[in-house]
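These are the residues of each chain, in order.
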Amino acid sequence: MNELVYEQLIKNFEESLLTQLRGHNNEAGFLEMWVPDPDSRKSIANMVEAAEIYGLPDFVLTINQSSISDAQLKILAEDISDLADIAVEATGEMYALKFSQIGSKA
């Protein structure tokens, strides 16, 4: 299962905009189709959609609790309910968001 760190992905994306014309976020193939949104909830929902298009069945995203609220997590779960399952695990100051069954919910 792919394990990604949200804040590092955002940093890498922003840096690559300055240095690359194409191929942003190539380390996890499906992210090639992902463009982050300033709203972390929308950004993560876009990431799940990119994973579905790519055919990725699951991945884990680690995110700082300061980057997304409990209310946003609840809305995110509703937003993606027809695309994937989500399990949220809080550890310290981080959340581990485990997405599974991507694309097989329909």
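Residues numbered from 1 in each chain as written. Predicted model: local features only at pLDDT ≥ 70, side-chain atom pairs only at ≥ 80, totals over all residues. Heavy atoms only, no water.

Asks: Even after reading the chapter, I still don't get the environment of Lys105, so can you show me in this structure?
Replies: Looking at where Lys105 falls in the secondary structure, it is placed in the segment after β4 (94–100). Between the alpha carbons of Lys105 and Leu83 there is a distance of 5.7 Å; along the sequence they are 22 residues apart. Each residue touching Lys105, except ones within four places of it in the same chain, is listed here: Ser81, Asp82, Leu83, Ala84 and Asp85. (Helix = DSSP H or I, 4+ residues; strand = E, 2+ residues; numbered from the N terminus. Contact = heavy atoms within 4.5 Å.)

Asks: Looking at this structure, how should I read the pairing of strand β3 (residues 85–91)?
Replies: Of the pairings in the sheet, the one linking β3 to β4 comprises 7 bridges and is antiparallel in character. Each bridged residue has a counterpart across the sheet, and for Thr91 the counterpart in β4 is Met94. Between β3 and β4, which pair antiparallel one after the other, the connecting turn spans 2 residues, and Gly92 there sits at a positive phi close to 60°. (Pairing = 2+ DSSP bridges.)

Asks: Quick question: what am I supposed to make of the environment of Thr62 here?
Replies: Here Thr62 shows up in strand β2 (residues 59–64). Through-space distance from the C-alpha of Thr62 to that of Val88 is 9.8 Å; in sequence the pair is 26 residues apart. If we ignore the near neighbours within four places in the chain, the residues touching Thr62 are Leu4, Val5, Tyr6, Glu7, Met94 and Tyr95.

Asks: How do you make sense of the nonpolar core when you look at a structure like this?
Replies: Where a protein is soluble and globular, its nonpolar side chains tend to be buried together. Core analysis: the biggest nonpolar cluster contains 27 residues, and Phe30, Ile44, Met47, Phe59, Leu61, Leu97 and Phe99 have the highest contact counts within it. Counting only elements with at least two residues in this core, the list comes to α1 (6–19), α2 (40–54), β2, α3 (70–79) and β4. When residues of this core are assigned to their parent elements, the largest contribution, 6 residues, is made by α2. Leaving out residues up to four positions away in the same chain, Leu61 has contacts with Leu4, Val5, Tyr6, Leu9, Ile44, Met47, Tyr95, Ala96, Leu97 and Phe99. (Core = buried A, V, L, I, M, F, W, Y, C linked by side-chain atoms within 4.5 Å. Buried < 20%, exposed > 50% of the residue type's maximum accessible area, 1.4 Å probe, protein only.)

Asks: What is the right way to look at the packing of aromatic side chains in this model?
Replies: For any pair of aromatic rings, the description rests on two quantities: the centre-to-centre distance and the angle between the ring planes. In total, this model carries 3 aromatic pairs according to the counting rule given. On the basis of an interplanar angle of 40° and a centroid distance of 5.1 Å, the ring pair of Phe30 and Phe59 is categorised as tilted. Of this pair, Phe30 sits in the loop between α1 and α2 while Phe59 sits in strand β2; the two residues are 29 residues apart in sequence, bridging distant segments of the chain. The residues Phe30 and Phe59 share a single accessibility class, namely buried. By way of ring pairs, the aromatic residues Phe30, Phe59 and Phe99 are connected into one cluster. (Phe/Tyr/Trp six-rings, centres within 6.5 Å; stacked < 30°, edge-to-face > 60°.)

Asks: Please explain unusual backbone geometry as it appears in this structure.
Replies: Glycine aside, negative phi is the norm for most residues, and most peptide bonds take the trans geometry. A positive phi angle, close to 55°, is found at Gln101, a residue other than glycine. The partly exposed category is assigned to Gln101, whose relative accessible area is 44%.

Asks: Please clarify how the pattern of salt bridges should be interpreted in this entry.
Replies: Charged atoms that come close allow side chains of opposite charge to pair. With the rule as written, the count across this model stands at 3 salt bridges. Across the salt bridge formed by Arg41 and Asp79, the nearest N and O atoms sit 2.4 Å from each other. Taken together, the residues span a long stretch of sequence, with Arg41 in helix α2 and Asp79 in helix α3 at a distance of 38 residues. Residue Arg41 is classed as buried on the basis of its relative accessible area of 15%. (Salt bridge = Lys/Arg side-chain N within 4 Å of Asp/Glu carboxyl O.)

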